[in-house]
Amino acid sequence: ASLFWDFDLIVVDSNCREDAVKALATDGRIVFGYLSLGAVDKGRAWYSTLEEKKCLAGENKGYTSVRINLANPAAGKLFLDTVIPEMKQKGFNGLFLDDLDLIYTHNQGKYAVEL
């Protein structure tokens, strides 16, 4: 954590432990949790749920992740009902949303706005 003391805003992985988030958030630092809405790595806790609910949209070329199909309402429900509340509980000040370009390049912009 001491590596971050010189920064006012820090982005860390959403898997960061709650005690680490709280330690980083001292002295007025803002801590955002990283969350990809366009792709998911197979190691994420919610990968199996996305797979089970048929929310995966195929390979993310050039990466080890798989694209998320936001057209499936179960994907948005998972993020809004489970993933984001768990992140809030850890004490993140906000979210750093990644892979939004995948949403638009695969014609899912409408669903991202609805989310």
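Residues numbered from 1 in each chain as written. Predicted model: local features only at pLDDT ≥ 70, side-chain atom pairs only at ≥ 80, totals over all residues. Heavy atoms only, no water.

Broken down by element type, the protein chain carries 5 helices and 6 strands. Reading the secondary structure of the protein chain in the N-to-C direction produces β-α-β-β-α-β-β-α-β-α-α. The 115 residues of the protein chain split such that 37% are buried. Taking the contacts inside the protein chain whose residues are at least 6 apart along the sequence as the reference set, 57% of them involve residues at least 24 apart. As displayed, the protein chain has an accessible area near 7000 Å², and 53% of this comes from carbon and sulfur atoms. (Helix = DSSP H or I, 4+ residues; strand = E, 2+ residues; numbered from the N terminus. Buried < 20%, exposed > 50% of the residue type's maximum accessible area, 1.4 Å probe, protein only. Contact = heavy atoms within 4.5 Å. Areas by Shrake-Rupley, 256 points an atom, 1.4 Å probe, with all protein chains shown as cover.)

Turning our eyes to something else, we now look at the packing of aromatic side chains. By the definition in use, this model includes 1 aromatic pair. The interplanar angle of 25° and the centroid separation of 6.1 Å between the aromatic rings of Tyr34 and Phe96 together place this pair among those described as stacked. Taken together, the residues span a long stretch of sequence, with Tyr34 in strand β2 (residues 30–36) and Phe96 in strand β6 (residues 94–98) at a distance of 62 residues. A relative accessible area of 21% places Tyr34 in the partly exposed class. Taking relative accessible area as the criterion, Phe96 reaches 37% and is therefore assigned partly exposed. (Phe/Tyr/Trp six-rings, centres within 6.5 Å; stacked < 30°, edge-to-face > 60°.)

On the surface, a cluster of nonpolar side chains totalling about 310 Å² of accessible area is made up of Leu9, Val11, Ile30 and Phe96. Tracing the backbone through its elements, the reader meets Ile30 in strand β2. (Patch = residues over 30% accessible without salt bridge, like charges linked within 9 Å, V, L, I, M, F, W, Y side chains within 5 Å. Salt bridge = Lys/Arg side-chain N within 4 Å of Asp/Glu carboxyl O.)

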